[in-house]
Amino acid sequence: EPSSLSGLPAGVGEALEAEGVAELYPPQEAAVDAGVVDGESLVAAVPTASGKTLIAELAMLSSIERGGKALYIVPLRALASEKKAEFERWEEFGVTVGVSTGNYDSDGEWLASRDIIVATSEKVDSLIRNGAPWIDDLTCVVSDEVHLVDDSHRGPTLEVTLAKLRKVNPGLQTVALSATVGNADVIANWLDAELVESDWRPIELRTGVHFGNAINFDDGSQREVPVERGEDQTARLVADALDTEEDGQGGSSLVFVNSRRNAESSARKLGEVTAPRLTGDERDRLRELAEEIRGVSDTDTSEDLADAVEQGSAFHHAGLASEHRSLIEDAFRDRLIKCVSATPTLAAGVNTPARRVIVRDWRRYDGEFGGMKPLDVLEVHQMCGRAGRPGLDPYGEAVLLANDADTREELFDRYVWAEAEPVRSKLAAEPALRTHVLATVASGFAATREGLLSFLDNTLYATQTDDEGRLAAVTDTVLDYLEVNGFVDRDREGGSESLAATGIGHTVSRLYLDPMSAAEILDGLRTVADGADAGADAADGAFVPADGADADPGADGDEPGFTTYTRADDEERDAGAESNEATQSEPPAVTPLGLYHLVSRTPDTYELYLKSGDREEYTEVCYERETEFLGDVPSEYEDVRFEDWLAALKTARLLEDWANEVDEDRIAERYGVGPGDIRGKVDTAEWLLRAAETLARDVEGIDGDVVVQVREARKRLEYGVREELLDLAGVRNVGRKRARRLYEAGIESRADLREADKAVVLGALRGRERTAERILENAGREDPSLDGVDPDRSASAAAT
Ligand code: ADP
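Position numbers for residues count from 1 along each chain, tracking the sequence in the order it is written. Reporting of local features is limited, given that this is a predicted model, to residues whose pLDDT is at least 70; pairs of side-chain atoms are given and counted only at 80 or more, and all residues count toward the totals for whole chains, interfaces and linings. Side-chain descriptors were evaluated using all non-hydrogen atoms of the structure, hydrogens and water having been removed beforehand.

### Remarks on the overall build of the protein
- Put simply, DSSP marks the helices as runs of H or I at least four residues long and the strands as runs of E at least two long, and each gets a number from the N terminus on. Helix and strand counts for the protein come out as 33 helices and 19 strands.
- Considering only contacts in the protein between residues 6 or more positions apart, those separated by 24 or more positions represent 70%.
- To measure how exposed things are, a 1.4 Å probe is used in the Shrake-Rupley method; for residues, cover is taken only from the protein chains shown. Here the protein displays about 35,000 Å² of accessible surface, and carbon together with sulfur accounts for 44% of that area. Contacts are assigned to residue pairs with any non-hydrogen atoms lying within 4.5 Å of each other.

### Quick word on the pattern of salt bridges
- Note on definitions: salt bridges are taken to be side-chain nitrogens of Lys or Arg within 4 Å of carboxyl oxygens of Asp or Glu. Under the defined criterion, the tally for this structure stands at 58 salt bridges.
- With a closest N to O distance of 3.4 Å, Asp683 and Arg679 form a salt bridge. With a gap of four residues between them, Asp683 and Arg679 both fall in helix H26 (residues 675-698), about one helical turn apart.
- Remark: exposure states derive from per-residue accessible area (1.4 Å probe, protein chains only) relative to the maximum for the residue type, with buried under 20%, exposed over 50%, and partly exposed in between. Accessibility expressed as a relative area gives 36% for Asp683, which makes it partly exposed.
- Where Lys758 meets Asp783, a salt bridge forms, and the shortest distance between an N and an O atom there is 3.3 Å. Residue Lys758 is found in helix H31 (residues 758-764), and its partner Asp783 is found in the loop between helix H32 (769-778) and helix H33 (791-799); the two are separated by 25 residues along the sequence.
- Residue Asp783 is classed as partly exposed on the basis of its relative accessible area, which comes to 45%.
- If you follow the salt bridges from partner to partner, you end up with Arg223, Asp240, Arg355, Arg356 and Glu397 in one network.

### Some details on the packing of aromatic side chains
- To pair, rings of Phe, Tyr and Trp, with the six-membered ring standing in for Trp, must have centres within 6.5 Å; the planes then decide the type, stacked if under 30 degrees apart, edge-to-face if over 60, and tilted in the middle. Scanning the model with the defined rule gives seven aromatic pairs in all.
- Here Trp90 and Phe93 contribute two aromatic rings whose centre-to-centre distance is 6.0 Å and whose plane-to-plane angle is 40 degrees, an arrangement assigned as tilted.
- Owing to a relative accessible area of 1%, Trp90 belongs among the buried residues under this scheme.
- Aromatic pair Trp362 and Tyr415: ring centres 6.2 Å apart, planes at 70 degrees, arrangement edge-to-face. Of the two residues, Trp362 is situated in the loop between strand S14 (356-359) and strand S15 (363-366) and Tyr415 in helix H14 (residues 405-416); the sequence distance between them amounts to 53 residues.
- Judged by relative accessible area, which is 2%, Tyr415 ranks as buried.
- Above the plane of the ring of Tyr395 lies Arg355, whose end atom (NZ or CZ) is 5.4 Å from the centre. Two conditions define a charge located above a ring, namely a distance within 6 Å from the ring centre to NZ of Lys or CZ of Arg, and an angle within 35 degrees of the ring normal.

### Focus: the site of the ligand
- In these notes, residues near a molecule or strand are those with any non-hydrogen atom within 4 Å of it. Close to the ligand lie 14 residues, the nearest being Glu23, Gln28, Ala49, Lys52 and Thr53.
- Side-chain atoms alone can form a polar contact between residues adjacent in sequence; in general such a contact is a pair of N or O atoms within 3.5 Å, and within protein one must be able to donate a hydrogen while the other accepts it. One of the backbone nitrogen or oxygen atoms of Gly51 is found 3.3 Å away from an oxygen atom of the ligand.
- Backbone polar atom of Lys52 to an oxygen atom of the ligand: 3.0 Å apart, as the coordinates give it.
- Looking at the shell around the ligand element by element, the count peaks at three residues for helix H3 (residues 52-65).
- Residues of the shell around the ligand, tallied by class, amount to six nonpolar, six polar and two charged. Amino acids outside the nonpolar list (Ala, Val, Leu, Ile, Met, Phe, Trp, Tyr, Cys, Pro) and the charged list (Asp, Glu, Lys, Arg) are all regarded as polar, and Gly is one of them.

### Brief notes about the environment of Gly524
- Looking at the element boundaries, Gly524 is found in helix H20 (residues 515-537).
- Accessibility expressed as a relative area gives 2% for Gly524, which makes it buried.
- Spatially, the C-alpha atom of Gly524 lies 58 Å from that of Leu242, the residues being 282 residues apart in sequence.
- Leave out the neighbours within four places in its chain, and Gly524 touches Leu598 and Leu630.

### A closer look at the pairing of strand S6 (residues 173-178)
- Taking burial as the measure, the six residues of S6 include six buried ones, the bulk of the element.
- Neither face of S6 is left uncovered, since the one carrying Gln173, Val175 and Leu177 and the one carrying Thr174, Ala176 and Ser178 both have all their residues buried.
- Should DSSP find at least two bridges between two strands, the strands are taken to pair. Relative to S6, strand S1 (residues 42-45) runs parallel, the two sharing four bridges. Residue pairing across strands places Leu42 opposite Val175, the latter belonging to S6.
- Of the pairings in the sheet, the one linking strand S5 (residues 140-143) to S6 comprises four bridges and is parallel in character. If you follow Cys140 over to S6, its bridge partner there is Gln173.
- With helix H6 (residues 155-168) bridging S5 and the parallel S6, this β-α-β connection has right-handed handedness. Handedness of a crossover is defined as follows: orient the strands so they point away from the viewer, and if the path from the first strand over the helix to the second runs clockwise, the crossover is right-handed.

### Brief notes about the sheet that holds strand S2 (residues 70-74)
- Spatial strand order, S3-S4-S2-S5-S6-S1-S7: seven strands in an open sheet with parallel pairing. The sheet terminates laterally at strand S3 (97-99) and strand S7 (194-197), the two strands that pair on one side only. For this sheet the average axis-to-axis angle between neighbouring strands, irrespective of direction, equals 15 degrees. Axis definition: a line fitted to C-alpha atoms, limited for helices to the stretch in contact. Angles are taken between N-to-C directions and run from 0 to 180 degrees.

### Focus on the packing of helix H8 (residues 233-242) against helix H9 (residues 260-274)
- Running from N to C, H8 and H9 point in directions that differ by 40 degrees, and their axes come no closer than 9 Å. In terms of orientation, H8 lies oblique with respect to H9. Crossing of H8 against H9: the hand is right-handed. The segment H8 lies against H9, with Thr234, Ala235, Val238, Ala239 and Leu242 engaging Leu270, Val273 and Thr274.
- Its residues assigned to classes, the contact of H8 with H9 comprises six nonpolar, two polar and no charged. Oblique is the label for any angle not covered by the other classes, which are roughly parallel (under 35 degrees), roughly antiparallel (over 145) and roughly perpendicular (65 to 115). Here a crossing is taken to be left-handed if its near helix is turned anticlockwise relative to the far helix by less than a right angle, and right-handed if that turn runs clockwise.

### Quick look at helix H27 (residues 704-719)
- With 16 residues, H27 should reach 22 Å at 1.5 Å per residue; the first-to-last C-alpha distance of 23 Å fits that figure.
- Listing the buried residues of H27 in full gives Val706, Val707, Val710, Ala713, Arg714, Arg716 and Leu717.
- Following H27 by one or two positions, Gly720 has its phi on the positive side, about 70 degrees. In a helix, the anticipated span is given by 1.5 Å times the number of residues less one.

Listed below in structure tokens is the structure:
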């Protein structure tokens, strides 16, 4: 039993028992036998929800008990605070926990005092680059969902980060938690770890396919769920689970679909199934929950979610705000929400078991593939693994849907009987290596080409590949790129080749930028500097649009109100660049849009997609605002580059709208995104502009005014306001909407706020006394109290 576990801080065993852990699950037992509480490295490849977290906790707690320090690497930022909260229950046994989120350019010094640190792999990578001193003190590292090394975007970072941690600290205990994959032994081999592999689950899982009148399960059993002609298969299955009482209540369902739009429409439809099955009390509580959801943000998404929730149905996808997500997850666990329609993001990591999982869509649109592509077996298995709530259900049911007999057979072969794919390293790709080669050299992990290759030999890629030359070849291509862009110096004298990061190379690595982003940003900012020099010779440095776009559209005889935009062709453009000092060359004005576009076209931003009709719209914007772009605009004939440019422009326009105080729901509608996406784009752009500011200061030849412009464009994003509100919006608790109302009431700055008539402040803040007092206090007012201010009078004061 757990209380007899040795090597843990005193009392932990009893505490586990009190939590309901009467004995270890078999895979946990196997992990202990393999030495996980004695500092042995371990790969645990076991199904979802079978207690992997406790294996990690046993490793970390025993390591700390021996005087060590542990790091827990989470796959998603959203999971970091969840895990921290989970581990904080050990604080009563003297174990301290810290989570490292936020900026990528700090060394997180304060974390030195924590016993357990939770962070994403990107964050750990950046902490290493910034020389966090405590990295050397780590004795135990846990990598959650290690099978994600297979992910082409994020996998290489995890892979290199683990290799670095293990290199810095040869005795490091590495505990890797994985879903059941095809080649867990290869991962264990890479990490020099023991392997615990098991199919054991705390609750039985039946996986099956529904077709016609029944679900056929993998254990040979069958469940009659007849679907009438014209009736929706998913709706019938959700109703069937709800109408089957196991413990006095019907069972909840989790429906996986392939897009956000489908999640939303599915939730709306399934509300018709859940609503009639709610009790009066549930209806009341759901109404309250819906109000809370509406309070999170005033967007259509928020409104749609609240509407569905009132019916007992919800959707869940990455476009939701994180507050939305946790409200939904909690209410689903509390069994108040009866059905959640989700995109696969929910399957990874979030602990939301359901009585029945329905995998409605097993194909998803894939842009690179150019059509609908079947999901990975691993992904479908993880979705299915969410079925069955231990202690509540007799067993979990996962159901795939077929509408003909052939598809039923295909689904059995493809998913039910199939093993998950093997994990494969994606490291030997140029974009991944570009970043990691620079960081590896800059942080002193390699000083020569040979040293670099031998470091890379500690990666999963090296363990897996048969083609030894490939990694070396890509590495050399990447080194050429880094040298040409001035990030790395190479010295080929003698037999070996020495490598060193340049000053700017070090900065780029610490800023956590893709070197290609840094090169793009520097290029863009340098065009301003060149232009500004030339402009000093031009008359007043005044700026006149080259193509007359700003001139009166009717002046040259065009139809009134119709402007044609022409663009210098590339030859003219080149000629202009060569005769820089000529008076006809004008300095480009630096505008927020220009800067937003610059950062949006770097590989560190996920651009918005161009939908049909967007190409025309943004081509027009491109010509209309041509003078604002930093760097060359690709020609329309360069199809792919131009398309990419336009996608960045669409993204930049979203950012510009945000900085122009356009309402969130207008933005969501205009660009077809959710509130979570707006936040994400704004955060990324802020981070990149901050990096741009540092770069602009660090390199020669960039005008000081540009630095100021970059900072202002960033601050406008941070607060989502126009220039004149920057001061006010910087006061805590003010925000973009309140700042605008205060401004309209004549209070234009923080100083004004300290002096203002309290009745006017209260009026602008719509009579909310507590808010007004807090704001006055934050603005530094000596007597923020609003006692005795008449709210009625304040309303009329604000109106004047
Ligand atoms: P995984 O990380 O494998 O998906 P979790 O670690 O989240 O799974 O475990 C799922 C649930 O099982 C958690 O609620 C956890 O508290 C519970 N649990 C873990 N180990 C035991 C045990 N030995 N006895 C009882 N419950 C356990």
